[in-house]
Amino acid sequence: MKLLSTPGRRTSPVAKEFRERCAQCDAVSWGLTDEGKYYCTSCHNVTERSKDVLNSEAIPNTKIQAINRGLKKRNKLEKGWDWYVCEGFQHVLYQQAEALKALGVGPELKNQVLHNFWKRYLQKSKQAYCENPVHARKRKAAVLGSPSHSDWESEPALLSDASGPFIESDGPRKPSPPSRASHSEMASICSGSLDGVEYSLRKEKGLVKMTMPATLALCGLSLLWQREALALSDLLRFVEEGHIPYVNAFERFPEEMKLYGRDKGIFAIESWPSYEDVYRQMIDVATFLDLPRFPAITEDCYLHPNILCRKYLMEVNLPDEMSDFTCQVVKMAGIGEVDFLTFDPIARKGRTVKYDVQAVAVIVIVLKLLFLLDDNVEWSLSAIAETYNEENKEDKPCFDFRKWYQVMKKSFDEKKQKWEEARAKFVWKSQKPLYHSPIDRSVVYKRRGELPFLSLIPGSWLGKFVWKSQKPLYHSPIDRSVVYKRREMVVNLQKQFSTLVDSTPTAPQKSPSSFQFNWTEEVTGGTCFHGHSLQGILYKKGQSVTTMNSLYWLSTQKFCRSYCKHVTTYEESNFSLTYQFIINLFSFLLRIKTYSLHEEVSLIEKRLFKTKYSTAKTKSSRSRKVRK
């Protein structure tokens, strides 16, 4: 069974009697022009030699047979397979699904959920599983085979445990039909894929084109459908740490899938995925696919705000007792209801939930309720807690906001500095050379071959180049032994030079973790606040317990109009320094913009303090009437 019609490698007439290497690209692959002259099938360089000039008897017979065997292997790699852009994205999705499975996600996500989402996307975008796919309409040829054996009647091999991507279970790839020869030749000029140019120019109303961020959106939707213990911010952080293929994911393509020209703009990514962009893509893709209501988010699900709040309280080293206050805020705001949390693309297009951002916003509101965060009250309460701890050293320590701020700020600054340095040192250039057309292939590969040795120069910008792939890339199986020997020599030289210049060697990739901070007693040296009490800032009032702080200020006094693209604005200078630190801290944890978190805090406050906002709205309407 197969996803799309996957034709075999392209072939062209080869002049096997001519054995000289091309002066331009150094290849040995010749064809004949209409005038009888030899031209290089790799770079299209035409020579002055004609067929009747060459004397094949001058070449030993044994040498001819040896070269012939090498040419057959080289041609298979140089010509490559005929493939479509959607097959490239299929391969990326397969690798991402495998990475998620290695992180502990259940195999059902790959074999069932993501499999069905991808199949539905191909059908909705009319690339497969339909009687008249877009490839057939564009090229006026039967791309998917005859109607009786069309792919829309079969099941795809994507995400199947029985076979990898692009591997058919019913046998090897079949040769290309004659009608596709001209299209293969045209595609080889501008892109490695057959439809790279058409795909980049395709614009249809209502169509959601597949992109690299959209692959993460599909993974995010699959995780949400399965209700896995992985929020969107965790998914993007694992992408950034290299645990999930995204940047230079095309390096994992089979060698026979040639990628150049327009394919570079489709698969080559030079920016990190943004939370807002991927989140917006998730909504667009879910709406485009007409997905039904997702499984309910109940109180025992990881994405429920009560559970996420506990997780982020542990992350930022806050007392466990604060979870009682977060649960009360969730209940009062009505954001813990099943109908509110469950994603329904069709019925609720205008209202969606950012589960991780929402949970963090609840913690910010609780901190404002307890400490006000106005650069005054929090320090007064810290003095009370400090006095209590000195007088009651044997009792459970009271939470000291000032001490927590000092510990947290130091750890936050160190973590952020390391993150910024890692981003600055990251090299976007792929290990697999990209070229505009087959003509440039030999020049690009020759230049890339010099980079490992230039990177050994101390002080050079190339000195930060890090080989991400442990498997060396080579031009053909003939060159395999030479390439591996050179790679071994380069690695040894790099180690020697790093020792001489006293440079820090590249740190190995860290194992993935749900937490970014470690607050165990052994690591922090007794600065873990998880077990601290809030009794110093609370007092009993009858049968209930209330906070010593009785004030509260709203993050947003007036929301933007409905025609604005944003709900509110965030200017740091208008807020206290403590509030700025809290917003920056949680924004860094989720890798989101500060205004996104501030906006979520304002929206929850609007649900909590409906009377205040309604009173303010009534006053503003009365003032307008008086002016009139």
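Here, every reference points to the structure presented above.
Residues numbered from 1 in each chain as written. Predicted model: local features only at pLDDT ≥ 70, side-chain atom pairs only at ≥ 80, totals over all residues. Heavy atoms only, no water.

**A look at the overall build of the protein**
A count of helical and extended segments in the protein gives 22 helices and five strands. The buried share of the protein, taken over its 628 residues, is 49%. In the protein, the proportion of contacts linking residues at least 24 apart, taken out of those at least 6 apart, comes to 73%. Summed over all atoms, the accessible surface of the protein reaches about 32,900 Å², with 53% contributed by carbon and sulfur. (Helix = DSSP H or I, 4+ residues; strand = E, 2+ residues; numbered from the N terminus. Buried < 20%, exposed > 50% of the residue type's maximum accessible area, 1.4 Å probe, protein only. Contact = heavy atoms within 4.5 Å. Areas by Shrake-Rupley, 256 points an atom, 1.4 Å probe, with all protein chains shown as cover.)

**Comments concerning empty space enclosed by the protein**
Overall, the coordinates contain six cavities of 30 Å³ or more when judged by the stated rule. In this structure, the largest cavity encloses a volume near 270 Å³. In terms of lining residues, the largest cavity is bounded by 22 residues, among which Leu224, Tyr279, Met282, Val353 and Tyr355 are the most central. When contributions to the lining of the largest cavity are tallied by element, the ones reaching two or more residues are α7 (212-226), α10 (275-288), α13 (338-341) and α14 (355-371). Here the lining of the largest cavity takes four residues from α10, the largest share from any one element. Considering only residue class, the lining of the largest cavity consists of 15 nonpolar, three polar and four charged. (1 Å grid on protein atoms, 1.4 Å probe; cavity = no way out; pocket = protein on both sides within 12 Å on 5 of 7 lines; lining within 4 Å. Points joined across faces, edges and corners; volume = space filled by probe spheres on them. Nonpolar A, V, L, I, M, F, W, Y, C, P; charged D, E, K, R; others polar.)

**Looking at the side chain of glutamine 580**
Among the structural elements, glutamine 580 can be located in helix α20 (residues 577-590). Judged by its relative accessible area of 13%, glutamine 580 is buried. Within the structure, the side chain of glutamine 580 is placed 2.9 Å from the backbone oxygen of phenylalanine 575, a separation counted as a polar contact. (Polar contact = N/O pair within 3.5 Å; in protein donor to acceptor, adjacent residues only side chain to side chain.)

**Notes on the pattern of salt bridges**
Here the idea is simple: oppositely charged side chains can pair when their charged atoms come close. Taken as a whole and assessed by the stated rule, the structure comprises 15 salt bridges. As a salt-bridge pair, aspartate 234 and lysine 311 come within 3.9 Å of each other at their nearest N and O atoms. In this pair, aspartate 234 is assigned in helix α8 (residues 232-240) and lysine 311 in helix α11 (residues 305-315), connecting sequence segments 77 residues apart. Measuring nitrogen to oxygen at the nearest pair gives 2.9 Å for the salt bridge that ties glutamate 276 to lysine 354. One end of the pair, glutamate 276, is in helix α10; the other, lysine 354, is in the loop between α13 and α14, with 78 residues separating them in the sequence. (Salt bridge = Lys/Arg side-chain N within 4 Å of Asp/Glu carboxyl O.)

**So, the pairing of strand β2 (residues 37-40)**
Side chains Tyr38 and Cys40 of β2 all project onto a buried face; the interleaved residues Lys37 and Tyr39 project onto a face where none is buried. Of the strand pairs in this sheet, strand β1 (residues 30-32) and β2 are connected by three bridges, and their pairing is antiparallel. Paired with leucine 32 across the strands is tyrosine 38, a residue of β2. (Pairing = 2+ DSSP bridges.)

**Considering the pairing of strand β4 (residues 538-541)**
Pairing of β4 with strand β5 (residues 544-547) involves four bridges; the strand directions are antiparallel. Bridge pairing in β5 links tyrosine 539 to threonine 546. Taking the residues between adjacent antiparallel strands as the criterion, β4 and β5 are bridged by two residues, where glycine 542 takes a positive phi near 75 degrees.

**Some remarks on the nonpolar core**
Judged by nonpolar contacts, the single largest core of 133 residues is most densely connected at Phe267 and Trp404. Ranked by the residues each element gives to this core, the list is headed by α14, at 13 residues. Of the residues that make up this core, three or more belong to each of domain 1 (78-131 + 188-291) and domain 2 (294-426 + 528-619). Setting aside its immediate chain neighbours within four residues, tryptophan 404 contacts Val316, Asn317, Leu318, Phe399, Phe529, Phe581, Ile582 and Leu585. Residues Phe18, Ala27, Val28 and Cys40 belong to the second largest nonpolar core, which totals nine residues. (Core = buried A, V, L, I, M, F, W, Y, C linked by side-chain atoms within 4.5 Å. Domains from an automatic or database assignment.)

**Quick look at the state of the cysteines**
Under the criterion given, the structure shown has zero disulfides. The closest cysteine sulfur to the non-disulfide-bonded cysteine 327 is located on cysteine 309, 7.3 Å from its own sulfur. Classification of cysteine 327 as partly exposed rests on a relative accessible area of 23%. (Disulfide = S-S within 2.5 Å.)

**As for α14**
Between its first and last C-alpha atoms α14 spans 25 Å; for 17 residues at 1.5 Å apiece the expected length is 24 Å, and the two agree. Most of α14 is tucked away, with 16 of its 17 residues classed as buried. Positive backbone phi, at 70 degrees, marks leucine 372, one or two positions downstream of α14. (Expected span 1.5 Å × (residues − 1).)

**Examining unusual backbone geometry**
In this structure, lysine 126 takes a positive phi of about 60 degrees despite not being glycine. Of note, lysine 126 is situated in the loop between α3 (108-124) and α4 (134-139). Residue lysine 126 is classed as partly exposed on the basis of its relative accessible area of 43%. Of note in this structure, arginine 591 is not a glycine but carries a positive phi near 55 degrees. As for its placement among the helices and strands, arginine 591 is situated in the loop between α20 and α21 (594-608). With relative accessibility at 22%, the residue arginine 591 sits in the partly exposed group.

**A few points about the packing of α7 against α8**
Where α7 meets α8, the closest approach of the two axes is 10 Å, and the angle between their N-to-C directions is 135 degrees. In this view, α7 runs oblique relative to α8, as classed from their interaxial angle. α7 and α8 meet at a crossing whose hand is right-handed. Residues Leu216, Cys219, Gly220 and Leu223 of α7 form the contact with α8, whose participating residues are Leu235, Leu236 and Val239. Of the residues contributing to the contact of α7 with α8, the split by class is six nonpolar, one polar and no charged. (Axes fitted to C-alpha atoms, helices over the stretch in contact; angles between N-to-C directions. Parallel < 35°, antiparallel > 145°, perpendicular 65-115°, else oblique. Left-handed = near helix turned anticlockwise from the far one by under 90°.)

**Brief notes about helix α16 (residues 401-425)**
Taking 1.5 Å per residue as the helical rise, α16 with its 25 residues ought to reach 36 Å, and the 35 Å between its terminal C-alpha atoms agrees with that figure. Taken as a whole, α16 has its buried residues at Phe401, Trp404, Val407, Met408, Ser411 and Phe412. Where α16 begins, the capping side chain belongs to aspartate 400, and its oxygen is found 3.1 Å from the backbone nitrogen of arginine 402.

**Remarks on the environment of phenylalanine 609**
With respect to the secondary-structure elements, phenylalanine 609 resides in the loop between α21 and α22 (610-627). Linking phenylalanine 609 and alanine 333, residues 276 residues apart in sequence, is a C-alpha distance of 8.8 Å.

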